[in-house]
Amino acid sequence: MVDVTEEKMDKPTFKSDTVLSDVHLHCPNKRHLMVRLNAVGQPVFLSYFKLLWNTEDLASEKHVREATTEREHQYRSGDEQCDKDRNNLKKERELNSEGLEALLDDDGDLEVVRRPRSASDLEAEGLLRDRVYPVILMKGKEDAFEDEEQECTCSDVVKIEHTMATPLEDVGKQVWRAAFLLADYILFKRDTFKCCLVLELGGGTGITSIIMGTVAKRVYCTDVGEDLLAMCEQNVALNKHLLKLGREEVKVKELDWLKDEFCTDPEAPYSWSEEEIADLHDHCTVIMAADVFYDDDLTDALFRTLYRITHNLRKSCTIYLALEKRLNFTLRHMDVTCEAYSHFRNNLNDLENLQDRKMKYTVEPIKLDFCQFLVYERIEHL
């Protein structure tokens, strides 16, 4: 994405190295106030993301099943309503084909045909909740936002510090849609992850590890870059209100895919102890990563890391990968392509076809028909 800044109204400056996450593009009626500047001078914001259920109320399995059944019913009702909207739209198009008069209202103004509302839109209405957008607060100015602060102290709110836009090498400091998708799946399949030891690769702001931390026994959230890891650690601290509900634990650690070994230097921040490495190898049964497939070299490095780590695990492991297929027009192809996704698929196929006497990898897609617990646009390319 191209970032446009204006030194003067008549002299715009274009910066082509800036990447902006879609998650924060739509924030109506909210004040965008900076929390602080990070070590490299980037503005840092604090956002509150509300879950579409109450974590305390879901302590019993019965309530989980009832909530799931109700949401599935709402999905079906939404689909029926969408069919009705599509039929109405079809009739309008048939009228439009008879003449231009059908496109004009009584005053002669152009009548715009609205697209059918999606099932997810109808579901959100059925839940009688407002759409959830980031609430931006400023440190040291709590009194100015007392009402917003009171709304966000309950146990179904995730607090995340993040940046709004960064260079490509710092995209981990933003929040991305695939992280929400993976978080949805974790909340939907809570029983699957209960008491697990989980490793997240490329954890970024830590939102997915924090959600996993409400269920799993222990989570190692990993990435590279001291500034990013400090932000992640701060987010873990901000969400003690979620993690304290059980005895869960989220540990922030450095894990560089371009290196063959764990960082064990006791002088280095976020390094691993020998006990933690042994704990990972002895007990890890889940590895996850969200929206980390955007650079071919990093994708290759990630799959090498996956192979190295899984080879050292004592137990069978399930790897959950969430990503967004990003389409781009390239001059080389003179067409819209998705090269990063294609490279990811090639690596995935190579891993599945790997001839290894010790390890066997199988790949299965997950249908995206599970419930949505965070409000974001679940697009078809997720």
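Numbering of residues starts from 1 in each chain and follows the order in which that chain's sequence is written. Note on the predicted model: pLDDT of at least 70 is required for a residue's local features to be given, and 80 or more for side-chain atom pairs to be given and counted; whole-chain, interface and lining totals, by contrast, use all residues. Excluding hydrogens and water, the side-chain values take into account all heavy atoms of the structure.

*Asks:* Please give an account of helix α11 (residues 339–352) that cites residues and values.
*Replies:* A run of H or I in DSSP becomes a helix once it reaches four residues, and a run of E becomes a strand once it reaches two; helices and strands are each numbered from the N terminus. Here the expected span of a helix is defined as 1.5 Å times the quantity of residues minus one. With 14 residues, α11 extends 20 Å from end C-alpha to end C-alpha; this agrees with the ideal 20 Å at 1.5 Å per step. Throughout, exposure labels follow a simple rule: accessible area from a 1.4 Å probe, protein chains only, divided by the maximum for the residue type, with under 20% read as buried, over 50% as exposed, and the rest as partly exposed. Residues Phe-344, Asn-347, Leu-348 and Leu-351 constitute the buried set of α11. Mapping the buried residues of α11 onto a view down its axis gives an arc of 100°, with all of them on the same face. When checking whether two residues touch, look at their non-hydrogen atoms; a contact exists if any pair is within 4.5 Å. Looking at the buried residues of α11, the elements they touch are α10 (296–311) and β12 (318–322). Throughout, the arc means that of the directions going from the helix axis to the C-beta atoms.

*Asks:* Let's hear about the nonpolar core: which residues, and what values?
*Replies:* To define a nonpolar core, start from buried Ala, Val, Leu, Ile, Met, Phe, Trp, Tyr and Cys residues and group those joined through side-chain atoms within 4.5 Å. Formed by 47 residues in total, the largest nonpolar core has its most connected members in Val-158, Phe-180, Phe-193, Val-198 and Met-212. The dominant element in this core, judged by the number of residues it contributes, is helix α4 (residues 177–188), at nine residues. Residues within four places of Met-212 in sequence aside, it is in contact with Ile-186, Phe-193, Val-198, Val-219, Val-286 and Met-288. Grouped together as the second largest cluster of nonpolar side chains are 27 residues, Trp-257, Phe-262, Val-292 and Leu-348 included.

*Asks:* Explain the packing of aromatic side chains to me, and be specific about the residues and the numbers.
*Replies:* In this scheme Phe, Tyr and Trp rings, the latter by its six-membered ring, pair at centre separations within 6.5 Å, and the angle between planes marks the pair as stacked below 30 degrees, edge-to-face above 60, and tilted otherwise. What the rule picks out here adds up to 14 aromatic pairs. Taking 6.2 Å as the distance between ring centres and 40° as the angle between the ring planes, the aromatic pair formed by Phe-293 and Phe-303 counts as tilted. Of the two residues, Phe-293 is situated in the loop between β11 (284–290) and α10 and Phe-303 in helix α10; the sequence distance between them amounts to 10 residues. Residue classification places Phe-293 among the buried residues on the basis of a relative accessible area of 5%.

*Asks:* Could you give me a rundown of the side chain of His-311, with the residues and numbers involved?
*Replies:* Its location among the elements puts His-311 in helix α10. Counting of polar contacts relies on pairs of N or O atoms within 3.5 Å, with two restrictions inside protein: one atom must be capable of donating a hydrogen and the other of accepting it, and residues adjacent in sequence are counted only when both atoms are side-chain atoms. Engagement of the side chain of His-311 in a polar contact is seen with the side chain of Asp-356, the distance being 2.7 Å. The contact partners of His-311, leaving out residues within four places of it in the chain, are Asp-356, Lys-358, Met-359 and Tyr-361.

*Asks:* So what's going on with the packing of α10 against α11? Residues and values would help.
*Replies:* At a minimum axis separation of 10 Å, α10 and α11 run at an interaxial angle of 20°. As judged from the angle between their axes, α10 and α11 are roughly parallel. In the crossing of α10 with α11, the sense of the turn from one axis to the other is right-handed. Side by side, α10 and α11 meet where Asp-296, Thr-299, Asp-300 and Phe-303 of the first sit next to Glu-339, Ala-340, His-343, Phe-344, Asn-347, Leu-348 and Leu-351 of the second. The residue makeup of the contact of α10 with α11, split by class, is five nonpolar, three polar and three charged. Axis definition: a line fitted to C-alpha atoms, limited for helices to the stretch in contact. Angles are taken between N-to-C directions and run from 0 to 180 degrees. When an angle is under 35 degrees it counts as roughly parallel; over 145 it counts as roughly antiparallel; between 65 and 115 it counts as roughly perpendicular; any other value is oblique. Handedness of each helix crossing follows the sense of rotation of the near helix against the far helix: counterclockwise by less than a right angle gives left-handed, clockwise gives right-handed. Gly falls in the polar group here, along with every residue not listed as nonpolar (Ala, Val, Leu, Ile, Met, Phe, Trp, Tyr, Cys, Pro) or charged (Asp, Glu, Lys, Arg).

*Asks:* Describe the sheet that holds strand β5 (residues 43–50), and please don't skip the residues or the numbers.
*Replies:* By definition, the strands of a sheet pair up through backbone hydrogen bonds, in either a parallel or an antiparallel sense. Strand order in the open sheet made by the three strands is β4-β5-β6, with antiparallel pairing throughout. Strands with a single pairing partner mark the edges of an open sheet, and in this sheet they are β4 (36–37) and β6 (157–162). As judged from the two bridges shared by β4 and β5, these two strands associate in the antiparallel manner. Of the residues in β5, the one forming a bridge with Arg-36 is Val-44. Taken strand by strand, helix α7 (residues 226–238) contacts β5 and β6, and its axis lies near 160° from that of β6. Note on pairing: DSSP must find at least two bridges between two strands before they are called paired.

*Asks:* I'd like to hear about the pattern of salt bridges, residue by residue, with values.
*Replies:* The term salt bridge refers to a pairing of a side-chain nitrogen on Lys or Arg with a carboxyl oxygen on Asp or Glu at a separation within 4 Å. Counted according to the given criterion, the structure contains 14 salt bridges. For Arg-36, the salt bridge goes to Glu-161, with nearest N and O atoms at 2.9 Å. Taken together, the residues span a long stretch of sequence, with Arg-36 in strand β4 and Glu-161 in strand β6 at a distance of 125 residues. By relative accessible area, Glu-161 is classed as buried at 1%. Across the salt bridge formed by Arg-314 and Asp-282, the nearest N and O atoms sit 2.6 Å from each other. In this pair, Arg-314 is assigned in the loop between α10 and β12 and Asp-282 in helix α9 (residues 274–283), connecting sequence segments 32 residues apart.

Worth remembering: the numbers are spatial, not functional.
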